[in-house]
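# Structure at a glance
Letter by letter, the chains look like this.
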Amino acid sequence: MTAPPPHLVPLLDALHCGAALVDRRGVYAHVNPRLAEMHGRPADQLIGRPVRDTYTPGQAPERLASLLQNFDRPAEGELFIEQTDGQKLPVVFGVRPLELRDPDQPDEPQDAAFVVVTVLEITQQRETLEQITELSDTMLNQALRLRDDNHELEVRVRQRTQQLQDANMTAITMLAVASEARDEDTGNHVRRIEAYTFAVAMQLGLSETEAEQFGYSSILHDVGKIHVPDHILKKPGQLTDAERAEMQEHTLIGERILSDNDFFAVARQIARSHHENHDGTGYPDGLAGDEIPLPARIVHVVDVFDALASARVYKDAWPSDKARDAIRNGAGSQFDPAVVDAFLTCLDQGTVQLI
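Residues numbered from 1 in each chain as written. Predicted model: local features only at pLDDT ≥ 70, side-chain atom pairs only at ≥ 80, totals over all residues. Heavy atoms only, no water.

This paragraph deals with the overall build of the protein. Within the protein, the regular secondary structure consists of 14 helices and five strands. Counting across all 355 residues of the protein, residues that qualify as buried make up 49%. Within the protein, contacts between residues separated by at least 24 positions form 57% of all contacts whose residues are at least 6 apart in sequence. Only carbon and sulfur atoms are counted for the fraction: they give 47% of the accessible area of the protein, which is about 17,000 Å². (Helix = DSSP H or I, 4+ residues; strand = E, 2+ residues; numbered from the N terminus. Buried < 20%, exposed > 50% of the residue type's maximum accessible area, 1.4 Å probe, protein only. Contact = heavy atoms within 4.5 Å. Areas by Shrake-Rupley, 256 points an atom, 1.4 Å probe, with all protein chains shown as cover.)

Rendered as structure tokens:
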């Protein structure tokens, strides 16, 4: 079996949806933890195994045979995964061929060595898969330009570093879009949070590299909300105590979704701790002051400001002056005073725009 491209494995493993690499024989070359969970089997029991063999003999869907026969064609659709207990899990999927070009003949077309498969349970929103599939194309087009080429090694190293960064950024965007897919303000909210977080970090004296890291990590602050039911997430009135407790679980779920990949270390801090209050009254850990990671303290301020200044299903947008006053009044209790001062300075100086 041809080994999967090593730089793609951590990207697929970081995705919340099921994902796999399948070779031309129809054999799993790599299976991420979420897809293994859908199958009800450990990943190492699937890797190296034909996809057909995960079904009872004679029960593999005809659609699967068609996909394997048309290996070089992108595809989307519905299917089911047969689990170990015999249950059939309905899913929607996207398939994209994966070319591996010869570095000595980069312009020569090659047959796809693998297909990348992304899978979501049918009970989740179908538009999320469409977004993931579309973004997967971008991720693959960027990531798969990496080649083991001994020529011009220094140039290659720089290219590989940038392309891995681009691919990781695309993976982040995929997760963010999936988590925000049920919100009418999809994309705009996370872009505002990224811009505000970057500006505040710079105002606090961080390096541009750190500020950028805080910024792109901040867009995943609510990734855990992908597990919050719509009737809670979109409820126009006040939440019950039970609903509020379930909503608050998104901080812990978000941290788990982001795995233990080093690239997501700051994003994990933000996902878990961006609802901690400066005086220790927040959740989920009741941290206070400097116990709260700095990127989470920044996102707490800008996230609340954006929530106040934007329309939601349960309220109209506040005027910007009223939202600013709320942030100022929360300094020392809800928010880190230094972060509040930095954010208000950014607003006064026009460093951030109310987009």
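Geometry of an aromatic ring pair is reported as the spacing of the ring centres plus the angle between the planes. Enumeration according to the criterion identifies four aromatic pairs in this entry. Between the aromatic rings of Tyr 55 and Phe 80, the centroid separation amounts to 5.5 Å while the plane-to-plane angle is 85°, which identifies the pairing as edge-to-face. Of this pair, Tyr 55 sits in the loop between helix H2 (33–39) and helix H3 (62–69) while Phe 80 sits in strand S3 (residues 75–82), placing them 25 residues apart in sequence. Ring geometry for Tyr 196 and Phe 343: centres 5.9 Å apart, planes at 65°, overall edge-to-face. Separated by 147 residues along the polypeptide, Tyr 196 in helix H6 (residues 188–203) and Phe 343 in helix H14 (residues 337–349) bring together distant segments of the chain. (Phe/Tyr/Trp six-rings, centres within 6.5 Å; stacked < 30°, edge-to-face > 60°.)

A few words on the pattern of salt bridges. By the definition in use, this model includes twelve salt bridges. A salt bridge links Arg 192 to Asp 306, with the nearest nitrogen and oxygen atoms 2.5 Å apart. Pair noted here: Arg 192 is in helix H6 and Asp 306 is in helix H12 (residues 294–309), with a separation of 114 residues, a long-range link. Its relative accessible area of 2% is what places Asp 306 among the buried residues. For Asp 285, the salt bridge identified is with Arg 272, shortest N-O distance 2.8 Å. Of this pair, Asp 285 sits in the loop between helix H11 (265–273) and H12 while Arg 272 sits in helix H11, placing them 13 residues apart in sequence. Among the charged side chains, a salt-bridge network with shared partners connects Glu 255, Arg 272 and Asp 285. (Salt bridge = Lys/Arg side-chain N within 4 Å of Asp/Glu carboxyl O.)

Tracing the sequence through the fold places Asn 277 in the loop between H11 and H12. Polar contacts involving the side chain of Asn 277 include one to the side chain of His 300, which spans 3.0 Å. In this structure Asn 277 touches Gly 282, Leu 287, Ala 288, Ile 292, His 300, Ser 333 and Gln 334, once residues within four positions along its chain are discounted. (Polar contact = N/O pair within 3.5 Å; in protein donor to acceptor, adjacent residues only side chain to side chain.)

Next up on the list: the nonpolar core. Formed by 27 residues in total, the largest nonpolar core has its most connected members in Val 200, Val 301, Phe 305, Ile 327 and Phe 343. Sorting elements by how many residues they give to this core places H14 first, with seven residues. When neighbours within four sequence positions are excluded, Val 200 is seen to be in contact with Ile 298, Val 302, Val 339, Ala 342, Phe 343 and Cys 346. Listed in part, the 24 residues of the second largest apolar core include Leu 46, Phe 80, Phe 93 and Val 117. (Core = buried A, V, L, I, M, F, W, Y, C linked by side-chain atoms within 4.5 Å.)

With that settled, consider unusual backbone geometry. Here Tyr 283 and Pro 284 are connected by a cis peptide whose omega angle stands at 10°. Examined against the element boundaries, Pro 284 turns out to sit in the loop between H11 and H12.

Residues of helix H13 (residues 320–329) that are buried include every one of Ala 323, Arg 324 and Ile 327, and no others. Buried positions in H13, seen along its axis, are confined to an arc of 100° and lie on one side of it. Set apart from the buried face of H13 by more than 90 degrees, the exposed residues are Asp 321 and Asn 329. Considering only its buried residues, H13 is in contact with H12 and H14. (Arc of directions from axis to C-beta.)

Moving on: the side chain of Asp 303. Positionally, Asp 303 belongs in helix H12. Each residue touching Asp 303, except ones within four places of it in the same chain, is listed here: His 189, Ile 193, His 221, His 274 and His 275.

This part covers the packing of helix H7 (residues 208–218) against H11. Where H7 meets H11, the axes come as close as 9 Å, and the angle between the chain directions of the two elements is 55°. Considered as vectors, H7 and H11 are oriented oblique to each other. At the point where H7 passes H11, the crossing takes the right-handed sense. Facing Gln 213, Phe 214, Ser 217 and Ser 218 of H7, the residues of H11 in contact are Val 266, Ala 267 and Ile 270. Split into classes, the residues belonging to the contact of H7 with H11 amount to four nonpolar, three polar and no charged. (Axes fitted to C-alpha atoms, helices over the stretch in contact; angles between N-to-C directions. Parallel < 35°, antiparallel > 145°, perpendicular 65-115°, else oblique. Left-handed = near helix turned anticlockwise from the far one by under 90°. Nonpolar A, V, L, I, M, F, W, Y, C, P; charged D, E, K, R; others polar.)

Within the secondary structure, Arg 73 sits in the loop between H3 and S3. Sequence separation between Arg 73 and Arg 96 is 23 residues, and the spatial gap between their C-alpha atoms is 7.2 Å.

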